[in-house]
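A closer look at the structure
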Amino acid sequence: MNIANKLTFFRVIVVPFIVVFFVVDTGIQGIQEDFLKIAAAVLFILGAISDGMDGYYARKYGMTSNFGKLWDPIADKILVSSTLICLLYYKMILPYTAIIIISREFFVSGLRLVSIEQGKVIAASRLGKWKTTFQLIHIITLLVFVSFEICFLRFLTNNHYTNLFNANYFYIIRLLEGLSIFFTVYSGLDYYIKNRKIEK
């Protein structure tokens, strides 16, 4: 297994840790649970970085393979979908956002499975990569806010700065959420239009 595929596999490995760190109830309120949520955020960011690095190594050093074409988008889906469910659990995202994104991932995965049966591997498209990029940025922004709130906001005594930060954060998140949904739907339609022949 080359380094590009190892980086892809890394994204799959970190998912259980992200989920456990995010939703585990230690029974101890405060620093311990806060630390676990920050650890989950760090792991997700590392997973997101690995998404860019595996593509870089694959292109630069000619490490492209059918394994990478298949598992790179699958690893992205596992990472994003699992984290979205965790965020939904804490009501940090709107339900329809998670439903649209996860439904699209199942839909495209279904197309890929059918194509594999016909001896064809559908690689991630440029639109699919943009979709993943905005999804990752959206989720990272949410996780960074959680970490920032844990580390700093709760200690601020001046409500003006806290409210100002929350207001700006709200608009940024809504913008990123809108872009994520747009590219999620658009890329899903693009996959279907380009690969609808595999249904026949």
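Starting from 1, residues in each chain are numbered consecutively following that chain's sequence as written. Local features are withheld for residues below a pLDDT of 70 in this predicted model, meaning they are given only at 70 or higher, and side-chain atom pairs are given and counted only at 80 or more; totals for whole chains, interfaces and linings count all residues. Hydrogens are left out, water is left out, and the side-chain values use all remaining heavy atoms of the structure.

1. Examining the confidence of the model for the protein
On a range of 0 to 100, pLDDT expresses the predictor's confidence in each residue. On average, residues of the protein score 82 in pLDDT, and 84% of them are at 70 or above. Numbering of helices and strands runs from the N terminus, with a helix taken as a DSSP run of H or I at least four residues long and a strand as a DSSP run of E at least two residues long. Mean pLDDT across the elements of the protein ranges from a minimum in helix H6 (residues 159–195), with 80, to a maximum in helix H1 (residues 3–23), with 90.

2. Re the pattern of salt bridges
Counted as salt bridges are all cases of a side-chain nitrogen of Lys or Arg within 4 Å of a carboxyl oxygen of Asp or Glu. Summed over the entire model, instances satisfying the criterion amount to 9 salt bridges. In this structure, arginine 11 engages aspartate 76 in a salt bridge whose closest nitrogen and oxygen atoms are separated by 3.0 Å. Linking arginine 11 in helix H1 with aspartate 76 in helix H3 (residues 66–89), this pair joins segments that are 65 residues apart in sequence. Residue classification places arginine 11 among the buried positions, given a relative accessible area of 0%. Two residues, arginine 104 and glutamate 105, come together in a salt bridge whose shortest N-O distance is 2.9 Å. The pair formed by arginine 104 and glutamate 105 is uniform in burial state, with each residue classed as buried. Salt bridges sharing common partners tie together Arg11, Asp51, Asp54, Asp72 and Asp76. Residue burial is assigned from relative accessible area. The probe radius is 1.4 Å, only protein chains are included, and a residue is buried under 20% of its type maximum, exposed over 50%, and partly exposed in between.

3. Description of the UniProt feature "transmembrane region" (unreviewed entry) in the protein
UniProt positions are given in the numbering used here, feature names are shortened, and annotations may be inferred rather than shown by experiment. The UniProt feature table records "transmembrane region" (unreviewed entry) at residues 12–32, 38–58, 70–90, 136–157 and 169–193. Annotation note: span residues 169–193, helix share 100%, strand share 0%, distance between end C-alpha atoms 36 Å.

4. Structural notes on the environment of tyrosine 186
Looking at the element boundaries, tyrosine 186 is found in helix H6. In this structure, the C-alpha to C-alpha distance between tyrosine 186 and leucine 127, residues 59 residues apart in sequence, is 7.8 Å.

5. Some words on unusual backbone geometry
One non-glycine residue, lysine 91, lies in positive phi territory at about 55 degrees. Locating lysine 91 in the fold gives a position in the loop between H3 and helix H4 (95–117). Judged by relative accessible area, which is 75%, lysine 91 ranks as exposed.

6. Quick word on the packing of H1 against H3
Axis geometry follows a simple rule: fit a line to the C-alpha atoms, using only the stretch in contact for helices, then measure angles between N-to-C directions, giving values from 0 to 180 degrees. H3 packs onto H1 with a crossing angle of 10 degrees between their chain directions and a minimal axis gap of 9 Å. Judged by the inter-axis angle, H1 sits roughly parallel to H3. Between H1 and H3 lies a crossing whose hand is left-handed. Looking at the contact of H1 with H3 residue by residue, the class counts come to 15 nonpolar, 5 polar and 3 charged. Note that the term roughly parallel is reserved for angles under 35 degrees, roughly antiparallel for angles over 145, roughly perpendicular for angles of 65 to 115, and oblique for everything else. The hand of a helix crossing depends on one turn: near helix anticlockwise from the far one by less than a right angle means left-handed, and clockwise means right-handed. We call Asp, Glu, Lys and Arg charged. Ala, Val, Leu, Ile, Met, Phe, Trp, Tyr, Cys and Pro are nonpolar, and the rest, Gly among them, are polar.

7. Thoughts on the nonpolar core
We define the nonpolar core as a collection of buried residues of types Ala, Val, Leu, Ile, Met, Phe, Trp, Tyr and Cys that are connected through side-chain atoms lying within 4.5 Å of one another. Ranked by internal contacts, the top residues of the largest apolar core, which has 25 residues, are Ile18, Phe44, Leu79, Leu84, Leu87, Ile139 and Leu143. Of all the secondary-structure elements, those providing two or more residues to this core are H1, helix H2 (31–60), H3, H4, helix H5 (126–151) and H6.

8. A few points about the packing of H3 against H4
Look at H3 against H4: their axes get within 10 Å of each other, and the N-to-C directions meet at 155 degrees. Our classification of the angle between H3 and H4 gives roughly antiparallel. Like other packed secondary-structure pairs, H3 and H4 cross with a definite hand, here left-handed. Here Leu70, Pro73, Lys77, Val80, Ser81, Leu84, Ile85 and Leu88 of H3 lie close against H4, whose contacting residues are Pro95, Ala98, Ile101, Ile102, Arg104, Glu105, Val108, Ser109, Arg112 and Ile116. The contact criterion used is simple: two residues touch if any of their non-hydrogen atoms lie within 4.5 Å.

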